[in-house]
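For reference, the chains in residue letters:
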Amino acid sequence: MTIDLPDLASMEQLGQRIAARLQPGDVVALSGGLGAGKTTLARSVIAALGHEGEVPSPTFTILETYDPPSVRLPLVHADFYRLERPKEADELGLDDYREGAVLIAEWPEQAGGFAHEPGCLSVTLEIAGSGRRAIVEPGADWLGRLP
């Protein structure tokens, strides 16, 4: 499924639709080049889950966690751009952070990918003219609840 995102408002609406359908154990895997909008979409999802205030990019910390009551569901926001090999995600204790939580993963391929998981919603963002385009590929658990 392809979704045109001509402006920031449409990106925020996509984030809201994704957030409304999230369940514990889900992964939102955000791929795309630098500046494609991965962090913007992640921030929109986190805000739609109830977080108020700043959402820092986890580019340097790699993992940022959010817990109720500030968000509807426990959430891990990860940016794997700086990982040199997928094994580093294991060394960070990613599985421990993910238990019972939603994972928003920027640069998922750097951590070995998550598309093989049934709870993964893969979103590839591309620059399209002055806007963006999202190519959405759902895992089996997302069928029937696509954003």
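Residues numbered from 1 in each chain as written. Predicted model: local features only at pLDDT ≥ 70, side-chain atom pairs only at ≥ 80, totals over all residues. Heavy atoms only, no water.

Draft legend 1. Fine view of the nonpolar core. By size, the foremost hydrophobic cluster in this structure holds 28 residues, and its most contacted members are Ile18, Leu22, Leu41, Ile104, Val123 and Ala134. Secondary-structure elements contributing two or more residues to this core are β1 (2-5), α1 (8-21), β2 (27-31), α2 (38-48), β5 (102-106), β6 (120-128) and β7 (131-138). If sequence neighbours within four positions are ignored, isoleucine 18 has contacts with Val28, Leu41, Val45, Leu121, Trp142 and Pro147. Core analysis: the second largest hydrophobic core is formed by 17 residues, Leu63, Trp107, Phe114 and Cys120 among them. (Core = buried A, V, L, I, M, F, W, Y, C linked by side-chain atoms within 4.5 Å. Buried < 20%, exposed > 50% of the residue type's maximum accessible area, 1.4 Å probe, protein only. Helix = DSSP H or I, 4+ residues; strand = E, 2+ residues; numbered from the N terminus. Contact = heavy atoms within 4.5 Å.)

Draft legend 2. Main features of the sheet that holds strand β4 (residues 75-79). The strand order across the open sheet built from seven strands is β1-β7-β6-β2-β5-β4-β3, with neighbouring strands paired in mixed fashion. Both edges of this open sheet fall to β1 and β3 (63-66), since each of them pairs with a single strand only. The sheet shows a mean angle of 20 degrees between the axes of neighbouring strands, direction not considered. As paired elements, β1 and β7 share four bridges and run antiparallel to each other. Among the inter-strand pairings, isoleucine 3 is bridged to a residue of β7, identified as alanine 134. Set on the sheet, α1 makes contact with β1, β2, β6 and β7; between it and β1 the angle comes to about 135 degrees. Docked against the sheet, α2 engages β2, β3, β4, β5 and β6, running at close to 165 degrees with respect to β5. (Pairing = 2+ DSSP bridges. Axes fitted to C-alpha atoms, helices over the stretch in contact; angles between N-to-C directions.)

Draft legend 3. Summary view of the layout of surface pockets. Estimated volume of the largest pocket: approximately 270 Å³. Looking at the largest pocket, it is lined by 20 residues, and the ones nearest its centre are Gly35, Ala36, Gly37, Lys38 and Thr40. If you list the elements that add at least two residues to the lining of the largest pocket, you get α1, α2 and β7. The element contributing the most residues to the lining of the largest pocket is α2, with three residues. (1 Å grid on protein atoms, 1.4 Å probe; cavity = no way out; pocket = protein on both sides within 12 Å on 5 of 7 lines; lining within 4 Å. Points joined across faces, edges and corners; volume = space filled by probe spheres on them.)

Draft legend 4. Looking closely at α1. Look at α1: 21 Å from first C-alpha to last across 14 residues, which is about the 20 Å you get at 1.5 Å a residue. Burial in α1 covers these residues: Ser10, Met11, Leu14, Gly15, Ile18 and Ala19. Taken together, the buried residues of α1 touch β1, β2, α2, β6 and β7. (Expected span 1.5 Å × (residues − 1).)

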